[in-house]
Amino acid sequence: MKLSQSDASFLLGHLDLTPALRRKLTEGSELSSDESDDLRDLVCDRLMTHGFDEDYSPNDEGRQLERLIDVLYTG
């Protein structure tokens, strides 16, 4: 799977990525199924810590993260 440039930029700016994932996103390279799973796990972690407001409703970042979880799901 390959992410759009805007999705990759969002993830590069918001996640603590491994060097390998950072390189893949920076280069716009194709992600393997395992890499997509690893990235989805990081996105889920970020959602839990930064994705909700005080009423536990998704904030702007949370909505973006939820969308990316769906994009990264490879079944």
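See the structure above.
My aim in this report is to walk through the structure given alongside it, one point at a time. (Residues numbered from 1 in each chain as written. Predicted model: local features only at pLDDT ≥ 70, side-chain atom pairs only at ≥ 80, totals over all residues. Heavy atoms only, no water.)

So, about the overall build of the protein chain. In terms of regular secondary structure, the protein chain is built from 4 helices and 0 strands. Reading the secondary structure of the protein chain in the N-to-C direction produces α-α-α-α. Relative to the globule expectation of 11 Å for 75 residues, the C-alpha radius of gyration of the protein chain, 12 Å, shows essentially globular dimensions. Taking all contacts inside the protein chain whose residues are at least 6 apart in sequence as the whole, residues at least 24 apart take part in 54%. Accessible area for the protein chain stands at about 4,700 Å²; split by element, carbon and sulfur atoms hold 48% of it. (Helix = DSSP H or I, 4+ residues; strand = E, 2+ residues; numbered from the N terminus. Rg over C-alpha atoms; globule rule 2.2 N^0.38 Å. Contact = heavy atoms within 4.5 Å. Areas by Shrake-Rupley, 256 points an atom, 1.4 Å probe, with all protein chains shown as cover.)

The next point concerns the nonpolar core. Of all hydrophobic cores here, the largest spans 16 residues; its most connected members are Leu3, Leu11, Leu25, Leu39 and Val43. Secondary-structure elements contributing two or more residues to this core are helix H1 (5-14), helix H2 (19-27), helix H3 (33-50) and helix H4 (60-72). Setting aside its immediate chain neighbours within four residues, Leu39 contacts Leu3, Leu11, Leu15, Leu17, Leu21, Leu25, Leu31 and Leu72. (Core = buried A, V, L, I, M, F, W, Y, C linked by side-chain atoms within 4.5 Å. Buried < 20%, exposed > 50% of the residue type's maximum accessible area, 1.4 Å probe, protein only.)

Any link to function would need more than the numbers given here.
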